Amino acid sequence: MERLIRRCTDNLLVSAAICFIAGAGAAFYLPPRWPVGPEPLAIVAVLLSLSLLALLFIRRLRPLAALFAFFLTGLVHTHGALQPIDDPHHIATFVTQPTKVTLVGRMLTMAEYDGEQTRWDLDSEALLPHDPAAPSAFRPVRGKVRLTVPGTLAPEFVPGKKMMVMASLDRISTYQTPGAFDYRLHMAAQGILCSGWIRSPHEIVPVAEPLRPGWRDLSFVPERIRQHAAGFFAARFDRDVAGFFQALLIGSTVNISPRLIEAFKDNGCFHVLSISGLHLGLLGVFCAVLFTWLLKRSTWLLLHVHVPTLALTLTAPILLFYTFIAGFNVPAVRSLVTALLVLFAVMVRRQRTLIHLIAGAALIVLAVTPLALFTPSFQLSFAAVLAINLIYPRLPLFLTPEEAPSTLSPQIGRAIRVLQSMLYVSLAATAGTLPILLYHFNRVSLIGPVMNLVIEPLLCLWALPCGLLALPLIPVFPNLAALLCQVGRPAIELTVWLSEAVARLPHASVWTITPNAGEIVLYYCLLVLLLRPGKTARHLVLTLALTLVLAGSFTRSLWLRETGQDLTVSFLDVGQGTCTLVQLPDGGAILIDGGGYQSEQFDPGQSLIAPFLWRQRIWRLDGLIITHPHRDHYNGLPFVAARFRPQWAMVNGDPGEEPDYEALMQTIRKQGGTARVARAGDMLYGGREVEIACLGMNDVSGANATGSINDRSLVVRLRYKMRSFLFPGDIGNASENRLLRAGIAVQSDVLLAPHHGSRTSAGASFMDAVAPALIVVSAGRRGQETHPAKEHLARWRQLQIPALITARTGTVTVRTNGEDMHVATRAGESLRLEKAGKDAPLGK
């Protein structure tokens with residue numbers, strides 16, 4: 001106890017940061033509104049009482065009494081940031097659903113053009129809804145909005161410019177699928193709660209205003225420099241080279257193609273594209289050396305001031321200004337705060353370990369942006385720096401100056417030690433961030449430490465210095481700036497070539513399930529044991545035992561199926577598409593369809609379906625059922641099939657209208673699976689009282705005559721004991737009636753609404769035959785006017801059948817033991833169906 005108290009008092013800033021972060025983390029689990037329940041209040045009261053007692057009676061504990069204040073500060077500060085907005089004038093208060101408006105505001109950030117569309121942030125000032133029922137006058141509002149328009153903005157629109165736009169605004173939403181990236185939280189951490197789409201650049205006009213004092217535009221200077229620099233690079237270089245210069249110098253990655261982004265993730269060097277400590281370090285060293293040299297030219301300064309201290313003082317505002325130019329993101333802010341604290345420590349002669357400076361930087365970042373704690377950027381940034389400072393010094397040196405052979409020249413020995421240091425830094429950062437990487441991204445590069453030895457010198461020691469020298473010259477000497485960038489261009493081109501070549505190697509990176517909290521804690525405990533000096537036999541045995549436990553827990557589902565009594569069916573929120581995961585009592589997993597919204601930057605398989613499977617700790621799929629070859633039912637499956645290697649796939653036999661559907665079939669076969677056409681009456685799966693049968697539409701009378709791929713969808717019925725589920729694909733009224741005329745039993749407890757609940761499906765006769773106790777509609781947020789149809793919702797309400805729409809409730813999970821059914825949604829709704837309905841036989 002004495003030792004623990006001494007450690008805490010000797011590292012009070014570190015202890016304070018840990019307590020603040022603990023309080024902030026606890027805030028995430030508190031009820032949304034104060035006052036909280038009696039239990040949390042009781043805990044707070046007890047902790048406060050103990051702190052006061054310690055402060056009054058136990059002298060040695062007095063320094064620790066303040067730690068509770070940091071815990072409580074983190075709790076209250078973060079809990080307040082997590083609350084829904086309650087400002088009556090905030091724009092998010094007026095925009096609760098898609099709304100067409102005229103918006104007036106001031107451009108806050110640079111316009112980022114990615115080759116197709118431009119985005120920027122607007123500080124809103126006035127809003128006029130395009131609603132006849134709303135007041136016909138502008139109402140004052142405030143708050144930031146992320147705006148996007150196809151094409152480019154006119155050159156007159158620069159940060160600080162006042163503009164009027166006609167846009168469709170909405171609250172920023174995120175896919176409510178466990179494992180998916182929380183885009184809403186990511187934007188909330190930046191203070192942005194609404195986004196808007198502008199149909200055309202012609203719907204953006206400048207707003208004339210009286211002459212403003214020049215000082216009022218000073219805050220926009222960094223963003224104007226960013227926009228001017230981005231335009232400079234885009235005009236003089238091809239997209240890849242321009243994108244890399246923009247990423248390295250101004251923190252914008254929109255012009256780096258998704259292909260290169262994936263290549264950098266494969267080789268473990270994606271962090272190089274984020275402005276961080278290395279960038280500020282290079283700039284700081286350059287400025288400090290330059291200022292020192294210039295100041296030493298003055299004899300008076302040498303006699304009256306401490307020149308190194310003055311040089312460092314002059315360096316600080318330059319680092320601050322560059323951080324604003326770099327976009328003021330979390331890694332850049334963390335690096336800035338750490339650098340400023342280092343400069344301050346040097347100036348006051350109080351240098352200690354960097355751990356205290358990192359703790360101070362974390363406190364400052366979280367004090368300004370408390371929601372940053374929950375973002376991968378903050379977690380990875382600080383974990384990497386901590387790991388480098390804690391792990392790197394404990395790694396053994398292979399070649400010290402004293403051990404170097406006499407035949408080895410000093411230059412070669414120095415080069416070997418530099419390479420060793422670079423490798424150790426990369427290994428330390430990888431070791432420290434591994435669980436966080438796997439938790440958020442399920443991916444780790446096996447060649448990352450080696451590739452960093454090549455990529456980092458090319459970009460950070462060649463291209464980056466050239467760019468930093470060119471950046472201040474762009475406004476005054478653009479040709480000289482372009483020449484300097486041309487010097488750095490070969491480094492970027494070589495980096496691109498190397499990244500693409502290495503990314504083609506098999507197993508350059510591996511994908512894994514999501515580690516749970518216990519495995520993360522166990523990993524870091526194991527890391528501490530491995531790095532502990534003076535290992536004894538007891539430590540070695542404990543290390544080996546923890547390694548076996550961790551490896552066994554993490555890979556358990558690969559070699560041992562977890563059986564149970566429940567069947568779980570999860571209807572994923574994938575936007576305008578469909579994906580359903582069936583987890584069988586015997587531990588197997590079958591995916592029915594797998595498609596949703598897709599773009600060049602967004603793959604529903606990689607971003608939604610696979611992360612959900614990994615969060616469920618699924619390494620392999622037993623099978624796939626693809627109801628029909630429309631993209632909103634399969635465009636996420638190529639990624640899934642390549643990573644989860646399904647043993648079989650059932651399809652409806654249509655060749656599909658897009659070439660990538662055939663590529664999907666080839667991927668399944670290449671992974672060792674089989675693809676077969678399912679027909680009415682086929683038993684697709686059977687075992688442990690679970691049956692999955694095909695009811696149609698192949699071989700159903702008249703079904704093959706229709707020209708609609710939707711109407712030839714597979715219709716699949718799942719039964720477990722007394723409970724059943726129906727998955728009718730996208731069939732319409734015509735196919736529904738054919739099923740009924742053929743006398744096929746379709747009665748089911750849970751119905752996935754056909755064709756996303758559109759008006760041309762879910763006819764009255766079909767719904768009467770199914771007689772569901774629950775209807776799930778898989779549809780996107782943007783299509784809610786037609787999917788599901790309003791008349792369907794009205795009829796289902798009249799029949800008192802609960803209907804859950806994934807766009808509103810998020811992922812819907814139904815768990816049953818064959819009798820009782822428990823329904824839960826990602827949004828927090830729950831439903832219990834206790835009595836099973838009539839059980840109908842499968843097939844004809």
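Provided above is the structure to which this section pertains.
What this report covers is the structure whose coordinates are included nearby.

Basis of the calculations
Residues numbered from 1 in each chain as written. Predicted model: local features only at pLDDT ≥ 70, side-chain atom pairs only at ≥ 80, totals over all residues. Heavy atoms only, no water. Helix = DSSP H or I, 4+ residues; strand = E, 2+ residues; numbered from the N terminus. Contact = heavy atoms within 4.5 Å. Areas by Shrake-Rupley, 256 points an atom, 1.4 Å probe, with all protein chains shown as cover. Pairing = 2+ DSSP bridges. Axes fitted to C-alpha atoms, helices over the stretch in contact; angles between N-to-C directions. Core = buried A, V, L, I, M, F, W, Y, C linked by side-chain atoms within 4.5 Å. Buried < 20%, exposed > 50% of the residue type's maximum accessible area, 1.4 Å probe, protein only. Expected span 1.5 Å × (residues − 1). 1 Å grid on protein atoms, 1.4 Å probe; cavity = no way out; pocket = protein on both sides within 12 Å on 5 of 7 lines; lining within 4 Å. Points joined across faces, edges and corners; volume = space filled by probe spheres on them. Nonpolar A, V, L, I, M, F, W, Y, C, P; charged D, E, K, R; others polar. Parallel < 35°, antiparallel > 145°, perpendicular 65-115°, else oblique. Left-handed = near helix turned anticlockwise from the far one by under 90°. Patch = residues over 30% accessible without salt bridge, like charges linked within 9 Å, V, L, I, M, F, W, Y side chains within 5 Å. Salt bridge = Lys/Arg side-chain N within 4 Å of Asp/Glu carboxyl O. Phe/Tyr/Trp six-rings, centres within 6.5 Å; stacked < 30°, edge-to-face > 60°.

Looking only at helices and strands, the chain features 28 helices and 26 strands. Within the chain, residue pairs in contact and separated by at least 24 positions form 71% of the contacts whose partners lie at least 6 positions apart. Surface exposure of the chain reaches about 39700 Å², of which carbon and sulfur atoms provide 63%.

What follows concerns the pairing of strand E6 (residues 162-171). As judged from the eight bridges shared by strand E1 (residues 99-107) and E6, these two strands associate in the antiparallel manner. Bridging across to E6, Arg106 finds its partner in Lys162. Strand direction decides the pairing type here: E6 and strand E8 (residues 204-206), joined by three bridges, are antiparallel. The partner of Met163 across the bridge, within E8, is Pro206.

Next up on the list: the sheet that holds strand E21 (residues 750-752). If you walk across this open sheet you meet the seven strands as E17-E18-E19-E20-E21-E22-E23, and the pairing is mixed. Lying at the two open borders of the sheet, with one neighbouring strand each, are strand E17 (683-687) and strand E23 (803-805). Shown here is a sheet whose adjacent strand axes are inclined to one another by a mean of 15°, direction ignored.

Moving on, we come to the nonpolar core. Ranked by size, the top nonpolar core spans 56 residues in total, and within it Phe233, Phe244, Phe245, Leu249, Leu459 and Ile492 carry the most contacts. Secondary structure elements with two or more residues in this core: helix H7 (221-236), helix H8 (239-250), helix H9 (258-266), helix H10 (277-295), helix H12 (307-325), helix H13 (330-347), helix H17 (448-470) and helix H18 (478-503). Tallying contributions element by element places H17 first for this core, with nine residues. In contact with Ile492, not counting residues within four places along its chain, are Val241, Phe244, Phe245, Leu459 and Ala463.

Take H12 next. Look at H12: 28 Å from first C-alpha to last across 19 residues, which is about the 27 Å you get at 1.5 Å a residue. Every buried residue of H12 is accounted for by Val307, Thr309, Ala311, Leu312, Thr315, Ala316, Leu319, Tyr322, Thr323 and Ile325. Directly after H12, the chain includes Gly327, whose backbone phi takes a positive value near 100°.

Enumeration over the complete set of coordinates arrives at one cavity of 30 Å³ or more. By volume, the largest cavity is sized at about 80 Å³. Taken together, 15 residues form the lining of the largest cavity, with Thr578, Asp593, His633, Gly729 and Leu752 sitting closest to its centre. Residue assignment for the lining of the largest cavity shows that the elements contributing at least two residues are strand E12 (578-583) and strand E13 (589-595). The residue makeup of the lining of the largest cavity, split by class, is five nonpolar, eight polar and two charged.

Another aspect to go through is the layout of surface pockets. In this structure, the second largest pocket spans a volume of roughly 770 Å³. Around the second largest pocket, the lining comprises 33 residues; the ones closest to its centre are Glu562, Gln583, Gly587, Gln616 and Ile618. Residue assignment for the lining of the second largest pocket shows that the elements contributing at least two residues are helix H20 (537-559), strand E11 (567-571) and strand E24 (812-816). With five residues, the single largest contributor to the lining of the second largest pocket is H20. Partitioning the lining of the second largest pocket into residue classes produces 11 nonpolar, 13 polar and nine charged.

Attention shifts here to the sheet that holds E13. Across a sheet, paired strands are connected by hydrogen bonds in the backbone, their directions being either parallel or antiparallel. Reading across from one edge, E16-E15-E14-E13-E12-E11-E24-E25-E26 is the order of the nine strands in this open sheet, with mixed pairing throughout. The sheet is open, and its two edges are formed by strand E16 (674-677) and strand E26 (830-833), each paired on a single side. Across this sheet, the average inter-strand angle for adjacent strands is 15°, counted without regard to direction.

Before going further, it helps to spend a moment on the packing of helix H19 (residues 517-531) against H20. For any two helices packed against each other, one specifies the crossing angle of their axes together with the interaxial distance. At a minimum axis distance of 10 Å, the contact between H19 and H20 shows a crossing angle of 155°. The orientation of H19 relative to H20 falls into the category roughly antiparallel. Crossing geometry of H19 relative to H20 is assigned as left-handed. Contact residues: H19 offers Glu519, Leu522, Tyr523, Leu526, Leu529 and Leu530, while H20 offers His539, Leu542, Thr543, Leu546, Thr547, Val549, Leu550, Ser553 and Phe554.

Taken together, the side chains of Phe286, Leu290, Trp293, Leu294 and Leu469 present a nonpolar region at the surface, about 490 Å² in accessible area. The dominant element in the nonpolar patch, judged by the number of residues it contributes, is H10, at four residues. As for its position among the elements, Trp293 is in helix H10.

Once that is clear, we can look at the pattern of salt bridges. One pass over the structure, following the stated rule, counts 27 salt bridges. Ionic pairing is found between Arg199 and Glu203, a salt bridge with its closest N-O pair at 2.9 Å. Classification of Glu203 as buried rests on a relative accessible area of 16%. Linking Asp768 and Arg795 is a salt bridge whose minimum nitrogen-to-oxygen distance equals 3.3 Å. Residue Asp768 is found in helix H26 (residues 764-770), and its partner Arg795 is found in helix H27 (residues 790-798); the two are separated by 27 residues along the sequence. Three or more residues are tied together by salt bridges with common partners; here these are Arg106, Glu125, Lys162 and Glu209.

A word on the packing of aromatic side chains. Applying the stated criterion across every chain, the model contains 18 aromatic pairs. Taking the centre distance of 5.6 Å and the plane angle of 80° together, the rings of Phe28 and Tyr29 count as edge-to-face. Taking the relative accessible area as the measure of exposure, Tyr29 reaches 71% and is therefore exposed. Measuring from centroid to centroid gives 5.9 Å for Tyr597 and Phe602, while their planes differ by 35°, and the two rings are tilted. On the accessibility criterion, Tyr597 (44% relative accessible area) is partly exposed. Look at Phe602 and you get buried, because its relative accessible area is 18%. These aromatic residues form a ring-pair network of at least three members: Phe232, Phe233, Phe237 and Phe245.

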